[in-house]
Amino acid sequence: MIAAAHKSSGKTVVATGIAAALTDRSQKVAVFKKGPDYIDPMWLKLAAGRPAYNLDFNTMSEGEIRALFQDKAAGADVSLVEANKGLFDGVAADGSDSNAALAKLLAAPVVLVVDTKGMTRGIAPLLRGYVDFDPDVHIAGVILNKTGGSRHEAKLRQAVETYTDLQVLGAIGTAPEMD
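Residues numbered from 1 in each chain as written. Predicted model: local features only at pLDDT ≥ 70, side-chain atom pairs only at ≥ 80, totals over all residues. Heavy atoms only, no water.

Student: What is the right way to look at the side chain of lysine 34 in this model?
Tutor: Residue placement: lysine 34 occurs in strand S2 (residues 29–34). For lysine 34, which is buried and forms no salt bridge, the nearest opposite charge comes from aspartate 97, at a distance of 5.5 Å. Lysine 34 has contacts with Leu55, Phe57, Val81, Glu82, Ala83, Asn84, Asp97, Ser98, Asn99 and Leu102, leaving out every residue within four places of it along the chain. (Helix = DSSP H or I, 4+ residues; strand = E, 2+ residues; numbered from the N terminus. Buried < 20%, exposed > 50% of the residue type's maximum accessible area, 1.4 Å probe, protein only. Lys, Arg positive; Asp, Glu negative; His and termini not counted. Salt bridge = Lys/Arg side-chain N within 4 Å of Asp/Glu carboxyl O. Contact = heavy atoms within 4.5 Å.)

Student: Would you take a moment to explain unusual backbone geometry for this structure?
Tutor: When glycine is set aside, most residues are seen to have a negative phi, and most peptide bonds are trans. Unusually for a residue other than glycine, serine 8 sits at a positive phi of about 60°. Take serine 8: it is sitting in the loop between strand S1 (2–4) and helix H1 (11–24).

Student: Could you clarify how one ought to interpret the nonpolar core in this entry?
Tutor: Here is a general trend for soluble globular proteins: nonpolar side chains tend to be buried in one another's company. With 36 residues, the main nonpolar core has Met1, Leu87 and Leu102 as its most contacted residues. Looking at this core, the elements with two or more residues in it are S2, helix H3 (62–73), helix H4 (99–106), strand S5 (110–115), helix H5 (123–133), strand S6 (139–147) and helix H6 (150–163). Here this core gets six residues from one element, more than from any other, and that element is H4. In this structure, methionine 1 is in contact with Val81, Ala83, Leu87, Asn99, Leu102, Ala103, Ala108, Pro109, Val110 and Val111, ignoring residues within four places of it in sequence. (Core = buried A, V, L, I, M, F, W, Y, C linked by side-chain atoms within 4.5 Å.)

Student: Is there a simple way to think about a nonpolar patch on the surface in this case?
Tutor: Taken together, the side chains of Tyr38, Ile39, Met42, Trp43 and Leu46 make up a nonpolar region of the molecular surface, amounting to roughly 620 Å² of accessible area. With respect to the helices and strands, the residue isoleucine 39 is situated in helix H2 (residues 39–48). Assessed through its relative accessible area of 40%, isoleucine 39 is described here as partly exposed. (Patch = residues over 30% accessible without salt bridge, like charges linked within 9 Å, V, L, I, M, F, W, Y side chains within 5 Å. Areas by Shrake-Rupley, 256 points an atom, 1.4 Å probe, with all protein chains shown as cover.)

Student: How do you make sense of the packing of H1 against H2 when you look at a structure like this?
Tutor: For any two helices packed against each other, the geometry comes down to the angle between their axes and how far apart the axes lie. Contact pair H1 / H2: the axes reach a minimum separation of 7 Å and the direction vectors enclose 20°. With respect to H2, the axis of H1 lies roughly parallel. The interaxial crossing formed by H1 with H2 has right-handed handedness. Residues Thr12, Ala15, Thr16, Ala19, Ala20 and Thr23 of H1 touch H2, and the partners they reach there are Asp40, Trp43, Leu44, Ala47 and Ala48. For the contact of H1 with H2, the per-class residue count stands at seven nonpolar, three polar and one charged. (Axes fitted to C-alpha atoms, helices over the stretch in contact; angles between N-to-C directions. Parallel < 35°, antiparallel > 145°, perpendicular 65-115°, else oblique. Left-handed = near helix turned anticlockwise from the far one by under 90°. Nonpolar A, V, L, I, M, F, W, Y, C, P; charged D, E, K, R; others polar.)

Student: Just checking my understanding: could you explain the packing of aromatic side chains for this structure?
Tutor: We describe a pair of aromatic rings using the distance from one ring centre to the other and the angle between the two ring planes. Here the structure, examined in full by the defined rule, presents four aromatic pairs. Ring centres of phenylalanine 88 and tyrosine 130 lie 5.4 Å apart, and the angle between their planes is 40°; on these two criteria the pair is classed as tilted. Of this pair, phenylalanine 88 sits in the loop between strand S4 (78–82) and H4 while tyrosine 130 sits in helix H5; the two residues are 42 residues apart in sequence, bridging distant segments of the chain. Looking at tyrosine 130, the relative accessible area reads 16%, which means it is buried. Centre to centre, the rings of phenylalanine 88 and phenylalanine 133 are 4.8 Å apart; their planes meet at 65°, and the pair counts as edge-to-face. Pair noted here: phenylalanine 88 is in the loop between S4 and H4 and phenylalanine 133 is in helix H5, with a separation of 45 residues, a long-range link. Assessed through its relative accessible area of 62%, phenylalanine 133 is described here as exposed. (Phe/Tyr/Trp six-rings, centres within 6.5 Å; stacked < 30°, edge-to-face > 60°.)

Student: Looking at this model, I keep getting lost on the pairing of S5. Mind explaining?
Tutor: In regular strands, side chains alternate between the two faces of the sheet. Most of S5 sits out of view: six of its six residues are buried. Residues Val110, Leu112 and Val114 of S5 are buried on one face, and the alternating residues Val111, Val113 and Asp115, pointing to the opposite face, are buried as well. Taken together, the three bridges between S1 and S5 define a ladder with parallel strand orientation. Note on S5: the bridge partner recorded for alanine 3 is leucine 112. With six bridges joining them, S5 and S6 adopt parallel strand pairing. Looking at the pairing, valine 114 lines up with leucine 144 of S6. (Pairing = 2+ DSSP bridges.)

If you want it as structure tokens, here you go:
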């Protein structure tokens, strides 16, 4: 699952980029979007060259979500789920319809996309909070998004490596044309 701390962090750009890169490497990528959404699934479909499917707690039971995921992921080399909003966000106050709940339901590791604009060392307590909030959610790594250059990226990487057990899987620089 490609998730984030909050909406507008770059999940769609990262998810479609990963889907396209894997597809370009002849990988079969099954793509999914959490929630009722029709725009992001169109981007995911274009990137993967395969239909994208919505997984929605509001219109589907947990059994239906699992069955659809398993059916459409069958035969794929990689399954990629793009979250909506933040990892722990949802309508239900108890988080039962959150991205984290979906990740647990599907036993999907989470890659957290973090919009790093305006932060350096502060990324560490943010990530530690996300890791500790629900130990049943497996955060596999982090992608640093909107880094402000090599010096900024180095400071972020040092903070993540010094204060967390998470691996930085990649970094994407600021692109004003994407704002």
